[in-house]
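# Observations on the model geometry
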Amino acid sequence: MQTSFNDPALFVNRELSWLDFNARVLNEALDPRNAALERLKFLAIFATNLDEFFMVRFGGLRRRVAAGIVEPFADGLAPQEVLERLDVRIRELQATASRCLAEDVLPALAAAGVELLGPAELSSDERAAIDAYFETNVYPVLTPLAVDRGHPFPYLSNLSLSLAVTLRDPARGTELFARVKVPKSLTRWVPVDGAGGTRFVPLERVIEANLGALFPTLEVIGSYLFRITRFSDFELSAGEETEDLLAAIEEQIFRRRFGEIVRVEVERGMPPHIRELIIEELREELGEGEPEGVPRLTERDIHESDGLLDLGDMLTIAALEIPELRDAPYTPVVPRELRGERSILDVIRDHDLLVHHPFESFSATVEEFVSEAARDPLVLAIKMTLYRTSGDSTIVRALLDAAQRGKEVVVLVELKARFDEANNIEWARTLESHGIHVVYGPANLKTHAKTALVVRREGDGFQLYAHIGSGNYNTRSARVYTDVGLFTCSPAIGADLRDLFNSLTGFDGERSYRELLVAPHGLRGGFLRLIAREAEHARAGRPARIIAKMNAIVDDELIRALYAASCDGVTIDLI
């Protein structure tokens, strides 16, 4: 029996494993059994996932290599080797996605009347209508930016689409260069047949066809689409001033705009001298000598595409209401206990209720729990954590209603939820403006818990109603992501949540809890104890089983403990 679990062969590299996950997303787009718009949706999700991977994980790994860190990961791979393997795998997946779009998905959509067209594919009347659309809706928004001695290369925002335009001055015979940004404020897909149509021209192609209007005295030689991705994983450092956390996060969001460029996407066919010019100009952004630990942009950071850039924008088309091209809508069921006239609080008082989303209704359970608590005159207080929530949120409206009814409402809004910081700041200000007590949690930690506590006067005392879930309080994601939630009146759990909220809103630090495992002090050790307990059962000949559901497992010690328990005879299922 193996007694050492340090063999690198026992570990899978986290970054390469993440790419395998995104490859499974791409496989849904490749599967012809899926409806055409669903396949387009998965292509868009694959692309947006990859964008975030570059902004965070890939960018962080580049910095690790630039800092000279060579220590291998648990799987035995050094950072540079991981970077090289990622580069190869990413290019393979991107090529597969481009072929899938061009050869499978777009033809399938075109056969059903949903088309992406170029200006040359339009009739003369359709082209005239698109040109009129450009004149009225696009031209006023565009700002052509010349690049020469008197005009420095413009700042490029993260994930923005741009046209590199080459021009000739007929009077002097000189070649010129300009950049035209494709505005994010305008719809990417210009409808050929007006609102409600299913035939579209990409906005960048509309702009290209009308570049003469932007440069009336010059000859347009060519135009080439490109897009940049910036490193965006900025965290508050240990020594950073955090007296005003909200202001510090806003500063962090602002700094993110100027993260170093980690990827340059270009459409195939861009001339080499234009590519070199773009790379050289983008290198200048870092300044002379380049900051220590910040990687130098090279030709290797260029990714060529055979088709459209920024496939994430395809989500707009994937959302078209064409039933025959989409999966049949799924209607979540209402749990049996909640189908009668009894209130959800009455049901929870009788017994615990475990719900499984999206198969069971989020609105009939979680949203109803908060809404009923807001309306109930015997409810005195509601305490919640909000990590990510959705616009026009039923839960947020219920919290505002509760505050207006005079209830004590306390909400911990996690300002450090990556890429949702600005949204959460807006929600925090909205909640505060309605008299809700808003706290932000410890500056050096992310509060990832999803939990709510309702305090209700009953008889001569108080009853605590609790919800603990694995999913965000977000209506949209609750229709898609698989998550579980527990509703309970357990005195021990209620007391634990009471203490947890007091810890989050006050100055109290590490606590001991009755039933809950709370990070960062108790969760990891609690898991290790539970794994060891099952291993002891197995060694004693008793039944032993571990079933664990997670987004990822990357903790070396926990992985080794699971290997050891498995060797002891514990049956382990990791979901």
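Right above here is the structure, for reference.
Residues numbered from 1 in each chain as written. Predicted model: local features only at pLDDT ≥ 70, side-chain atom pairs only at ≥ 80, totals over all residues. Heavy atoms only, no water.

Within the structure shown, the criterion is met by eight aromatic pairs. Aromatic side chains F5 and Y563 sit 6.2 Å apart centroid to centroid with 0° between the ring planes, which places their arrangement in the stacked category. With a gap of 558 residues between them, F5 in the segment before α1 (14-30) and Y563 in helix α16 (residues 556-567) connect regions that are remote in the sequence. The exposure class of F5 is buried, given its relative accessible area of 11%. (Phe/Tyr/Trp six-rings, centres within 6.5 Å; stacked < 30°, edge-to-face > 60°. Helix = DSSP H or I, 4+ residues; strand = E, 2+ residues; numbered from the N terminus. Buried < 20%, exposed > 50% of the residue type's maximum accessible area, 1.4 Å probe, protein only.)

Taken together, the seven strands give an open sheet; going across it, the order is β10-β16-β15-β14-β11-β12-β13, and neighbouring strands pair in mixed fashion. Single-partner strands in this sheet number two, and they are β10 (353-357) and β13 (437-439). Here the strands of the sheet are splayed against their neighbours by 15° on average, with no regard to which way each runs. In the sheet, strand β11 (residues 379-386) pairs with strand β12 (residues 408-413) via six bridges, with the strands oriented parallel. Each residue of the ladder has a partner; that of A381, found in β12, is E408. Sitting on the sheet, helix α11 (residues 363-375) touches β10, β11, β14 (450-458), β15 (461-469) and β16 (483-488), and the angle it makes with β11 is about 145°. (Pairing = 2+ DSSP bridges. Axes fitted to C-alpha atoms, helices over the stretch in contact; angles between N-to-C directions. Contact = heavy atoms within 4.5 Å.)

Tracing the backbone through its elements, the reader meets L26 in helix α1. Judged by relative accessible area, which is 1%, L26 ranks as buried. Beyond its immediate stretch of four places on either side in the chain, L26 contacts L43, F46, L93, T96 and A97.

In a regular helix each residue adds 1.5 Å, so 13 residues correspond to 18 Å; α11 covers only 16 Å between its end C-alpha atoms and thus falls short of that length. The largest bend in α11 is about 35°, located at F369. All buried positions along α11 are accounted for by T365, V366, E367, F369, V370, S371, E372, A373 and A374. (Expected span 1.5 Å × (residues − 1). Bend = angle between axes of the 7 residues up to and from the residue.)

As a further point, take a nonpolar patch on the surface. Side chains of Y330, V333 and F359 sit close together on the surface and give an oily, nonpolar patch of about 300 Å² of accessible area. Overall, V333 belongs to the partly exposed group, its relative accessible area being 40%. (Patch = residues over 30% accessible without salt bridge, like charges linked within 9 Å, V, L, I, M, F, W, Y side chains within 5 Å. Areas by Shrake-Rupley, 256 points an atom, 1.4 Å probe, with all protein chains shown as cover. Salt bridge = Lys/Arg side-chain N within 4 Å of Asp/Glu carboxyl O.)

Read these as spatial facts, not as claims about activity.
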